[in-house]
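# Reading the structure
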Amino acid sequence: MSGMQLNTRAVHAGREDLTDLGLHAAPIDLSTTYPSHDSHEEASRLDRAKLGEDLGGSPIYGRIGNPTVARFETALANLEGAEAAVAFATGMAALSACLLAVAAQGKRHVVAVRPLYGTTDHLIDSGLLGTEVTWSTVDMLADDVRADTGLVIVESPANPTLSEVDIKAIDVDVPVLVDNTFATPVLQRPLELGADIVLHSATKFLGGHGDVLGGVVACDEQFARRLRAVRTGTGGILHPLAGYLLLRGLSTLPVRIRAASRTAAELARRLADHPGVSRVHRPSIGGPMVSFEVHGDPHTVIGAVQLITPAVSLGSVDTLIQHPGSLSHRVMADEDRRGAGVSDQLLRLSVGLEDVDDLWTDLDQALSQCKSSLG
């Protein structure tokens, strides 16, 4: 399928064998264990699984692998242009596996560029997994890399300011991990730009309906083996039902992203002209995300929306709004959060598939209440 367009691959990747199996929808395999009368062969396969090899065929145990999850991994690797993908229970489990995989090679130092998703920032900054971080800028990355550096971590567009990193400009001798959650492979494929590892919180746009948790890493087969070994040991594998829902979500990903992006562009234009808004953030590559800063109390806007869902997370078919300083980036220290450009006046909007005029009516009335709350 490599020569086919993204729309086609999104629909068919991971499902190539279904016709031969006499199936139309991908099956859900909920088995936790897989019987075999050949214990010698199972022992050999278990030894290979411990090393992170992709066993293919029938799995051994649900913590090691699952056929439904493998379909999603195959599809996501196809869309990102990667040799392999490894799926986890959440995006943070996926990031944790990446950190543990390089730490196992004696590389506990990380160089990162803010802003990042708040919990990502907290995980690498807190040392919970034994990591040490140097906060850097794109032009200083090479200078901040050390002999024990295992990863360079960037997020582009970044959460929640939507600032972008020139991935092509990153020139370092260590693996570069790009969080591609906001862009998705529809708008950006970091491996084509020189990155080595792509991370997604699959909970967001890949799933697309606010009903599934998951994380996935796209990379080469060598790093995928290290990730599988970590996943087998720690038990962070994606649940089969989640794998099914994420595979289904990929089939409509391009359509959802492009439709929501058009609405987001129009909302950003209207927000820029609103007297209650001081600044609008929107990435140059587009996408369904818009962030904006208000003159009044941002919490008034959160409390006043009626159609828009006031909730953390993003990437659903319905539009969500949240205050990053109170939710997604609350875990960061105040000075770090503000230093990363996440002001107390900032609101983050994840645009869904509703009509643009209905969304604007709701935003406008909520912003008007924000303005009136100033007296």
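Before reading on, note that the structure itself is shown above.
Because the structure is a prediction, the values reported are computed rather than measured.

Cut-offs applied
Residues numbered from 1 in each chain as written. Predicted model: local features only at pLDDT ≥ 70, side-chain atom pairs only at ≥ 80, totals over all residues. Heavy atoms only, no water. Buried < 20%, exposed > 50% of the residue type's maximum accessible area, 1.4 Å probe, protein only. Helix = DSSP H or I, 4+ residues; strand = E, 2+ residues; numbered from the N terminus. Pairing = 2+ DSSP bridges. Right-handed = clockwise from strand over helix to strand, strands pointing away. Patch = residues over 30% accessible without salt bridge, like charges linked within 9 Å, V, L, I, M, F, W, Y side chains within 5 Å. Areas by Shrake-Rupley, 256 points an atom, 1.4 Å probe, with all protein chains shown as cover. Salt bridge = Lys/Arg side-chain N within 4 Å of Asp/Glu carboxyl O. Core = buried A, V, L, I, M, F, W, Y, C linked by side-chain atoms within 4.5 Å. Contact = heavy atoms within 4.5 Å. Phe/Tyr/Trp six-rings, centres within 6.5 Å; stacked < 30°, edge-to-face > 60°. Lys NZ or Arg CZ within 6 Å of the ring centre and 35° of its normal. Axes fitted to C-alpha atoms, helices over the stretch in contact; angles between N-to-C directions.

## Quick look at the pairing of strand β2 (residues 109-113)
- Most of β2 is tucked away: five of the five residues are buried.
- By the alternation rule, side chains of β2 split into H109, V111 and V113 and V110 and A112, which are all buried.
- Here five bridges tie β2 to strand β3 (residues 132-136), and the two strands are oriented parallel to one another. Looking at β3, one finds that V111 is bridged to T134.
- Regarding topology, helix α6 (residues 118-126) serves as the crossover connection from β2 to the parallel β3, and that connection is right-handed.
- Two elements, β2 and strand β4 (residues 149-155), share four bridges in a ladder whose sense is parallel. Looking at the pairing, V111 lines up with V152 of β4.

## Let's talk about a nonpolar patch on the surface
- A grouping of I28, L30 and L241 is seen on the molecular surface, where their side chains present a nonpolar patch of about 270 Å² in accessible area.
- Structurally, I28 is set in the loop between α2 (18-21) and α3 (39-50).

## Quick word on the nonpolar core
- Counting residues in hydrophobic clusters, the biggest one holds 34 residues, and the most contacted among them are F72, L76, L206, V216, L238, L250 and L253.
- Counting only elements with at least two residues in this core, the list comes to α1 (6-12), α4 (67-80), β1 (84-88), β7 (215-219), α10 (240-251) and α11 (253-272).
- Looking at this core, the element that brings in the most residues is α4, giving six residues.
- Contact partners of L206, with chain neighbours within four places excluded, come to F72, L76, P185, H200, V216, L246, G249, L250, L253 and R256.
- Core analysis: the second largest hydrophobic core is formed by 27 residues, C98, V102, I153 and I197 among them.

## Some remarks on the packing of aromatic side chains
- Tallied over the full model, the rule gives zero aromatic pairs.
- R114 extends its terminal NZ or CZ atom over the ring of W135, reaching a point 3.8 Å from the ring centre.
- The positively charged end of K204 is found above the aromatic ring belonging to Y117, 6.0 Å away from the centroid.

## Details of the sheet that holds strand β9 (residues 289-294)
- Taken together, five strands build an open sheet; the order of strands is β8-β9-β12-β11-β10 and the sheet is mixed. If you trace the sheet from one side to the other, it starts and ends with β8 (277-281) and β10 (309-310), each paired once.
- Relative to strand β12 (residues 346-350), β9 runs antiparallel, the two being bridged by five bridges. For V290, the partnering residue across the bridge sits in β12 and is L349.

## Section: unusual backbone geometry
- Here the residue pair R114 and P115 is connected by a cis peptide bond, since its omega of 0° sits within 30 degrees of zero.
- Along the chain, the position of P115 falls in the loop between β2 and α6.
- Despite not being glycine, S313 has its phi angle at roughly 85°, a positive value.
- Mapped onto the elements of the fold, S313 is located in the loop between β10 and β11 (320-322).

## Examining the environment of F223
- Relative to the helices and strands, F223 is located in helix α9 (residues 221-234).
- On the accessibility criterion, F223 (7% relative accessible area) is buried.
- Taking the C-alpha atoms as reference, F223 lies 18 Å from V69; in sequence the two are 154 residues apart.
- Here F223 is in contact with C98, A101, V102 and I197, once residues within four sequence places are set aside.

## Some points on the sheet that holds β2
- Spatial ordering of the open sheet is given by β1-β7-β6-β5-β4-β2-β3, a layout of seven strands whose pairing is mixed. Lying at the two open borders of the sheet, with one neighbouring strand each, are β1 and β3. Adjacent strand axes in the sheet meet at a mean angle of 20°, parallel and antiparallel pairs treated alike.
- The pairing of strand β6 (residues 197-201) with β7 spans four bridges and is classified as antiparallel. Bridge pairing links L199 to V217 in β7.

## Focus on the pairing of β7
- Among the five residues of β7, five are classified as buried, and the element is accordingly described as predominantly covered.
- Across the two faces of β7 the burial is the same, with G215, V217 and C219 and V216 and A218 all buried.
- Where β1 and β7 come together, five bridges link them in antiparallel fashion. Within β7, the residue paired with A85 across the bridge is A218.

Shape is all these values report; function is a separate question.
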